[in-house]
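Per-entry structural report
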Amino acid sequence: MGRFYFLVVLCIFPYLASAQLRQNYYANICPNVENIVRNAVKLKFSQTFVTVPATLRLFFHDCMVEGCDASVIIASSGSNQAEKDNPDNLSLAGDGFDTVIKAKAAVDAIPSCKNKVSCADILAMATRDVVALAGGPSYAVELGRLDGLSSTAASVNGKLPQPTNNLDQLNTLFASHGLSQTDMIALSGAHTVGFSHCSKFANRVYNFSQQNQVDPTLDKTYATQLQAMCPKNVDPRIAINMDPITPRTFDNVYYQNLQQGKGLFTSDQVLFTDSRAKPTVNNLAANSPVFQQAFVTAMTKLGRVGVKTGSNGNIRRDCSAFN
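Residues numbered from 1 in each chain as written. Predicted model: local features only at pLDDT ≥ 70, side-chain atom pairs only at ≥ 80, totals over all residues. Heavy atoms only, no water.

1. Considerations on the overall build of the chain
Formally: Where helices and strands are cited, they refer to DSSP runs of H or I of at least four residues and of E of at least two residues respectively, numbered from the N terminus. Atoms counted for the radius of gyration: C-alpha only. Globule rule: 2.2 Å times the number of residues to the power 0.38. What makes two residues a contact is simply this: any of their non-hydrogen atoms within 4.5 Å. Only the protein chains shown count as cover for residues, and the accessible areas themselves come from Shrake-Rupley with a 1.4 Å probe. Neither His nor the chain termini are counted; the positive set is Lys and Arg, and the negative set is Asp and Glu. Where a charge lies is defined by one atom per residue type, namely NZ (Lys), CZ (Arg), CG (Asp) and CD (Glu).
On a plain count of helices and strands, the chain comes out with 13 helices and four strands. Relative to a compact globule of 323 residues, whose C-alpha radius of gyration would be 20 Å, the chain shows 20 Å and is just as compact. Within the chain, residue pairs in contact and separated by at least 24 positions form 74% of the contacts whose partners lie at least 6 positions apart. Taken as a whole, the chain presents about 14,700 Å² of accessible surface, with 55% of it coming from carbon and sulfur. Side chains of the chain carry 28 positive and 24 negative charges; the gap between the two charge centres is 2 Å.

Rendered as structure tokens:
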């Protein structure tokens, strides 16, 4: 009996965490929190557009590793090497971290709100706000996450998609968090505003295989442009827009690019070249409202991953350090 009960609890438990997330969670705690965060994000956005892809990517990298608990923001200290120092996270732009820290400061400047709102929730709200500022959909964010109590570089290994992933690898990774193939394709649409360093896709334009120097799924003109922007011994800090057409607008052009062989990573282009994913890409490419709805659905599901509640988390006074 005891063992059976334990198994039942295990099966139910993943859903308990999301059950306590709700819209307007802070209505009686810090009623104006969404406006406070939004204004802080708007100010940061007015200083640099990088705020958009940096914050969005930070949220994704946070949720995919140990759940949405702001553990990616923790700085390494003493003997602990934190998540942000894993090689997969070294390319996270500082503007994403800065957005959360500034929004947290704005919230804590209101006496009744001080130390009442988690860094994890601030990151979730800020992510929604940057999407809207770039022309994407605005949506109601579920809130009530606590901040995680651990952050280790080792915990990141194998948890984040890689530029070379095929469809099966991507689906397996996302399915481990209850996200469907459609959710994965919709979340990939965030690459409509991102940028990447040349090293992440150099294999596609130089030495792709013995038969082809350039990946044959790449549009030839686009491949030539990439070679021009990323010569072989390029400065590793050089960044290239993921969407060469509308890099500063959150739209469905990303999918139209895939149809034309202009996906920057193998993991982008495979969404079109693999017949199992192609119909979804075609649907999102043709219909902007359908993309926006699919993105909101996927982001809401992503925001429920690994949420910390009760004694599994707390509210950090400083987002980059444990209390």
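The structure having been displayed, the exposition proceeds.
2. A closer look at the state of the cysteines
The cut-off we apply is this: Cysteine sulfurs are considered disulfide-paired once they come within 2.5 Å of each other. Relative accessibility decides the category of a residue: with a 1.4 Å probe and only protein chains considered, values under 20% of the type maximum give buried, values over 50% give exposed, and everything between is partly exposed.
If you walk through the whole model with that rule in mind, you get four disulfides. Covalent S-S linkage joins C63 and C68, the inter-sulfur distance amounting to 2.1 Å. In this structure the cystine formed by C63 and C68 twists about its S-S bond by roughly 120°; its chirality is therefore right-handed. Of the two residues, C63 and C68, both sit in the buried class. Here C198 pairs with C230 through a disulfide, and the sulfurs are 1.9 Å apart. The chirality of the disulfide connecting C198 with C230 is left-handed, given an S-S dihedral of about -70°. Taken together, the residues C198 in the loop between β2 (195–197) and α8 (202–205) and C230 in the loop between α9 (220–229) and β3 (239–241) connect sequence positions 32 residues apart. The exposure classification of C198 matches that of C230, with both residues buried. The connectivity of the disulfide bonds within the chain can be written as 1-4, 2-3, 5-8, 6-7, using the sequence rank of each bonded cysteine.

3. Details of helix α12 (residues 278–286)
Where we set the bar: The reported arc concerns the directions from the helix axis to the C-beta atoms and nothing else.
Within α12, the full set of buried residues consists of T280, V281, L284 and A285. Summarising the axial view, the buried residues of α12 lie within an arc of 130°, below the 170-degree limit, and thus occupy one face. Residues of α12 that are exposed and angled more than 90 degrees away from the buried face: P279 and A286. The secondary structure elements touched by the buried residues of α12 are α7 (181–188), α10 (253–259), α11 (266–273) and α13 (288–302).

4. Focus on the pattern of salt bridges
Put simply, the rule is: Salt-bridge detection follows one rule: a side-chain nitrogen of Lys or Arg within 4 Å of a carboxyl oxygen of Asp or Glu.
Per the counting criterion, the structure on display carries 16 salt bridges. A salt bridge links D129 to R38; its shortest N-O distance comes to 3.6 Å. Of this pair, D129 sits in helix α5 (residues 119–133) while R38 sits in helix α2 (residues 33–47), and the two are 91 residues apart along the sequence. Exposure remark for R38: the relative accessible area of 25% places this residue in the partly exposed category. Residue D183 pairs with K301 through a salt bridge whose shortest N-O separation is 2.6 Å. Here K301 lies in helix α13 and D183 lies in helix α7, a separation of 118 residues in the sequence. A relative accessible area of 5% places D183 in the buried class. Linked through salt bridges whose partners overlap, the residues forming this network are E34, R38, R128 and D129.

5. Digging into the confidence of the model for the chain
Atomic detail in the predicted coordinates should be set aside for any region of low pLDDT. Our working definition: Each residue carries a pLDDT value, the predictor's own confidence for that position, ranging from 0 to 100.
The predicted model of the chain averages 94 in pLDDT, with 94% of residues at 70 or higher. Within the model, the stretch residues 9–17 combines pLDDT values under 50 with two contacts to residues more than four positions away or in other chains.

6. What to know about α2
Test applied: By this rule, a helix spans an expected 1.5 Å times one less than how many residues it contains.
Taking 1.5 Å of rise per residue, the 15 residues of α2 would be expected to cover 21 Å, and the 22 Å separating its terminal C-alpha atoms lies within 8% of that figure. Residues of α2 that are buried make contact with α3 (51–64), α4 (94–108) and α5.

7. Quick word on the nonpolar core
Quick note on the threshold: Nine residue types can take part in a nonpolar core, namely buried Ala, Val, Leu, Ile, Met, Phe, Trp, Tyr and Cys, and a core is a set of them joined through side-chain atoms within 4.5 Å.
Counting residues in each nonpolar core, the largest one holds 73 residues, and the members touching the most others are V37, V107, Y255, L271, F295 and L302. Of all the elements, α5 adds the most residues to this core, at nine residues. Ignoring anything within four residues of it in the chain, the contact list for L302 reads F59, F60, C63, M64, C68, L179 and L187. Residues F201, L218, Y222 and L264 belong to the second largest nonpolar core, which totals 13 residues.

8. Quick word on the packing of aromatic side chains
Filter applied, for reference: When the centres of two rings from Phe, Tyr and Trp lie within 6.5 Å, Trp using its six-membered ring, the rings pair. Their planes under 30 degrees apart give stacked, over 60 give edge-to-face, and anything left gives tilted.
Tallied over the entire structure, the rule returns eight aromatic pairs. Ring geometry for F250 and F291: centres 5.7 Å apart, planes at 20°, overall stacked. Separated by 41 residues along the polypeptide, F250 in the loop between β3 and α10 and F291 in helix α13 bring together distant segments of the chain. Owing to a relative accessible area of 2%, F250 belongs among the buried residues under this scheme. On the basis of relative accessible area, F291 is assigned to the buried category, the value being 1%. Note on F291 and F295: the rings are 6.0 Å apart at their centroids and 50° apart in plane angle, and the pair reads as tilted.

9. Digging into the environment of I29
Considering the arrangement of structural elements, one finds I29 in the loop between α1 (2–19) and α2. Taking the C-alpha atoms as reference points, I29 and D251, 222 residues apart in sequence, are found 35 Å from one another. What I29 contacts, discounting residues up to four positions off in sequence, is S112 and K116.

10. Quick look at the environment of V100
Within the secondary structure, V100 sits in helix α4. Taking the C-alpha atoms as reference, V100 lies 9.4 Å from A124; in sequence the two are 24 residues apart. Discounting residues that sit within four places of it in the chain, V100 has contacts with L58, I73, C119, I122, L123 and C319.

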